[in-house]
Structure formats: C-alpha cells, structure tokens
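Structural overview
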Amino acid sequence: MAGMSPSTWHPDFRLGLLLVVAALFLDAGSSSIWGESSSGRLDLTAVQYGLRTAAGGLGALFAVAAAFWVDRGPPHGMMAAGTVFLALGPLLALSDSFVLAVTHVFLAGVGGAFVGSLIFYAVAVKGYARFKGTLIGSLGLLFNMRWGVGAVAVWGISIPPQWLAAATVLAGGALLFLLLPRWFTGRYGDGLTLKETLAVPGAKLTMAWVAAVYLVASIMVTSGATRLGWVTFKLEQVGAGLDSDFRFIALAGGIGGLLWGMAADYFPARWLLIALAALSLLAGVSLWLPGGDATDVLILLVVRGGLVSLPWVLMADYLPMRHFAKLALVVTWVGSMGISLVLLGRSLGLYWGWAIDAWVTDSFMWIILAEAAVLVVVVAVRPRIQESGG
C-alpha cells in the first residue's frame, strides 16, 4: 500500500506525529525517572537534600544552551543525548551513594533541558507550516498528563519500573534521532543575528508585549491552581477519594489546551485570549450559583488549558522564527519570575493572603475579575508594528 508510506504523508502530519509520539514516550518515562528518588533510602540531611535539589536546578540551566542549539541547527543529536542523560537517572538512583544521587538529579535536569517542552515547541514552530496551534495543544496535553510508565504495573508487566522508564525514554530518543533529520524542515542558515534582530524597530516592544501576555496568563494559571487547591482541601475534609480527581484535573486541562490550540489555527490567538478572560469570569460568577463549586472547577480546567497553550501560539505568531527558542526562553523565565512573586505575595498576605482566613465567593470572584481585566487590557494593546521578524 504505497499510499500509506510515510514518504507520501503531508510534511506537517509526519512531523506532528513524530513529535507527539516522541513526547508521549519521553513524558511517560521521565515522569517515572523523576519519581525514582533515592532521597528516602539515603536518609539525607537537610544540607544534603538542599545540595541534591540545587544539582537539579543547575542541570536545568542547560536550557539556555539547548535554546541556542535548537535555533542554530537540527536538534536531533541534542535531543537524543538528552534522553540518554535521562535514562541514566533511574540506574544511578539504585545506588546508596550520595554522590551518585546528586549526579542522578543533575543529569535528569540536563536531560530535561534538552528534551523539555521548550525544545518541542520550538521544533514545532520552526518546522510546522499550518496547524501550529493544534500541534502545540497536542504537546501541551501530553506534557500535562504526567502518567509515568510505573502505572503499567497494574497490567501485569514484571519489568522493574526504573528499567522500563529508561527504555521508554530511550525509545523516544531513538525515534527523534532517526526520523527528525528526515522529517524536520526547519530553516537554518544565514540571517540576522540575535542582536540585529532585537535592533529592528519595534522588535523589543513586541517581545515585551508577548512577555506581558505570558506573565498575566501564568498568574491566572497560578490563581486557578490556588482555587483548585482550596476545593481539593474541602473535598479531603469530607473524605473524598482524590486519585481519580487529580487524573481528571490533568486530563481536562490538557484537553482544554488542545481545543484552544485547534481554535487558534482558525482564529487569532489574541481574540481567543480575550474569550478566555470572559470565560474565566464565568468561573467566578458560577460561585454565586447553587452547586457552583463543581461548575467553577470545570470551567477553570478548560480555561487553564487555554492559558497554557494560547500564549505559546501567540509567541509563534510574533517572535522571530530564527531566534524563537532563545526569545521564548526569556519570555517563559519572565513568567516564572512573575509566578514566584505571586506566590511570595500570597504567602505574605499581599495578594491572596487577605482572603485566606475568610475564603468566600467574593474574594475569589474579585481576584479573578481583576486578573481577567488585566489580561484583556494587555492583549488589546498590541503594538502596531510588524508582526514577525523572520
């Protein structure tokens, strides 16, 4: 059946299928790898635990090198190397050595940087011609699930989970190494340097605007997570079983991101973000209604997915493709710093703290109202300049 040969498939379909399947393998395996921890067995002191955690953060800094790499040339070698680093993790975690435990976390950080969502999104943006939103939403769905291959133990598979996790990750890396060079058509070569790109009139303003949109969306995701956490706390108090609920939260959020990503292939991401803001208001208003908690949670889950996928679609539309990974890394770091400030403010009583003691409908309603209004304003004030820098 020659018509079914991959060589006859549309280039977008081939690349999308490869990225989705590889992300499925990598996320399933790496979720288990991070879970295979030696900290409990080693009985670490507070200082040792801090050093171990710092090693993971140090390894994650390799995301900077990964962003430069994927902007400079085909990324299949780097991504395959990342899976090797990840696969070494669970094997090192079997040791009783503190040094090897630290090495395990460091390598997991490096491997995660080389095959993390930033790299997958960058490859999708650089190599996809038409349905970027659908692919970004699909990848977001997979990265949001965090199932872990350890769950297959219920199927009667007797392979030790650490070996199964390593094999799963390596399978994803092998797919990328063998097929990505053939199916990825990203453009590389001569062009404006990063410095020259940022010197183009309006480029810095556009980047600042995109970062502002991502920041506000990230803060709204954090607020939604806080609300979901509060509802979860109330459910725990009445003895509700939450394992299936957590699965539902991950699945519903991922499906929501996929649907909004698909919509972005037909409608401007800016207007969809404004629609998201309006939908988030419904989540707050629903708290005033009988049985509002359930409606509120469901709407928040759908909104949460869109607040994750749509900012990436917006970045794909407005950031220069040649330097997309580097600039997207800066944008996401700005969002991460914003989330950190929100969490700090909440803990100090500056943001959410004033409402914690008397958490009622009004408190969450007014907070989400303010955040949605800010999102609408930020999205609406798009700089009227050239939309992409090539």
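Everything discussed here concerns the structure shown above.
Residues numbered from 1 in each chain as written. Predicted model: local features only at pLDDT ≥ 70, side-chain atom pairs only at ≥ 80, totals over all residues. Heavy atoms only, no water.

**Some thoughts on the overall build of the chain**
Note the threshold: The secondary structure listing takes helices from DSSP runs of H or I that are at least 4 residues long and strands from runs of E that are at least 2 residues long, numbered from the N terminus. Note on classification: 1.4 Å probe, protein chains only; a residue is buried when its accessible area is under 20% of the maximum for its type, exposed when over 50%, partly exposed between these limits. Each accessible area is a Shrake-Rupley estimate made with a 1.4 Å probe; only the visible protein chains count as cover when residues are assessed.
When helices and strands are counted, the chain shows 17 helices and 0 strands. When burial is assessed residue by residue, the chain has 49% of its 390 residues classed as buried. As displayed, the chain offers around 18300 Å² of accessible surface, 70% of which is attributable to carbon and sulfur atoms.

**Considering helix α4 (residues 63-72)**
Put simply, the rule is: The directions considered for the arc run from the helix axis to the C-beta atoms.
Looking only at α4, the buried set comprises A63, A66, A67, V70 and D71. Considered in projection along α4, the buried side chains sweep an arc of 130° and stay on one side of the axis.

**Some points on the packing of aromatic side chains**
To describe a pair of aromatic rings, you give the distance between the ring centres and the angle between the ring planes. We apply this condition: Planes of paired rings set the category: under 30 degrees apart is stacked, over 60 is edge-to-face and the rest tilted, where pairs are Phe, Tyr or Trp rings (Trp by its six-membered ring) whose centres lie within 6.5 Å. A ring is considered to have a charge above it if a Lys NZ or an Arg CZ atom is located within 6 Å of its centre and within 35 degrees of its normal.
A complete count under the given rule lists 10 aromatic pairs for this structure. Taken together, a centroid distance of 6.3 Å and an interplanar angle of 45° make the contact between F85 and F114 tilted. Separated by 29 residues along the polypeptide, F85 in helix α5 (residues 76-92) and F114 in helix α6 (residues 98-114) bring together distant segments of the chain. Summarising the aromatic geometry, the rings of Y121 and F143 are spaced 6.4 Å apart at their centres and angled 85° between planes, so their arrangement reads as edge-to-face. In this pair, Y121 is assigned in helix α7 (residues 117-127) and F143 in helix α8 (residues 132-145), connecting sequence segments 22 residues apart. Of the two residues examined, Y121 and F143, each falls in the buried class. Through pairs of rings, three or more aromatic residues link up here, namely F62, W69, F85, F106 and F114. Over the ring of W271 we find R270, and its NZ or CZ is 4.9 Å from the ring centre. Here K326 stacks its cationic end above the ring of F68, 5.1 Å away from the centre of that ring.

**A short note on the pattern of salt bridges**
Threshold: The term salt bridge refers to a side-chain nitrogen of Lys or Arg lying within 4 Å of a carboxyl oxygen of Asp or Glu.
Scanning the model with the defined rule gives 2 salt bridges in all. One salt bridge connects K126 with D71, and the closest N-O pair in it is separated by 2.9 Å. Placement of K126 in helix α7 and of D71 in helix α4 is noted, with a sequence separation of 55 residues between them. An identical accessibility class is assigned to K126 and D71; each is buried. When the shortest N-O distance is used, the salt bridge between K326 and D71 registers 3.0 Å. Of this pair, K326 sits in helix α15 (residues 324-348) while D71 sits in helix α4, and the two are 255 residues apart along the sequence. Classification of K326 as buried rests on a relative accessible area of 10%. For D71, a relative accessible area of 5% gives the class buried.

**Considerations on the packing of α4 against α7**
Heads up, the condition is: Angles run from 0 to 180 degrees between N-to-C directions of axes, and those axes are lines fitted to C-alpha atoms, restricted for helices to the stretch in contact. Oblique is the label for every angle not falling under 35 degrees (roughly parallel), over 145 degrees (roughly antiparallel), or within 65 to 115 degrees (roughly perpendicular). Crossing handedness is read from the near helix: turned anticlockwise from the far helix by less than a right angle, it gives a left-handed crossing, and turned clockwise, a right-handed one. Note on contacts: a residue pair qualifies if any of its non-hydrogen atoms lie within 4.5 Å across the two residues. Gly is placed with the polar residues, together with every amino acid not listed as nonpolar (Ala, Val, Leu, Ile, Met, Phe, Trp, Tyr, Cys and Pro) or charged (Asp, Glu, Lys and Arg).
With their axes 10 Å apart at the nearest point, α4 and α7 run at an angle of 15° to one another. Considering their axes alone, α4 and α7 lie roughly parallel with respect to each other. In the packing of α4 onto α7, the handedness of the crossing is right-handed. Listed contacts from α7 to A66, A67, V70 and D71 of α4 are L118, I119, A122, V123 and K126. For the contact of α4 with α7, the class distribution of residues is 7 nonpolar, no polar and 2 charged.

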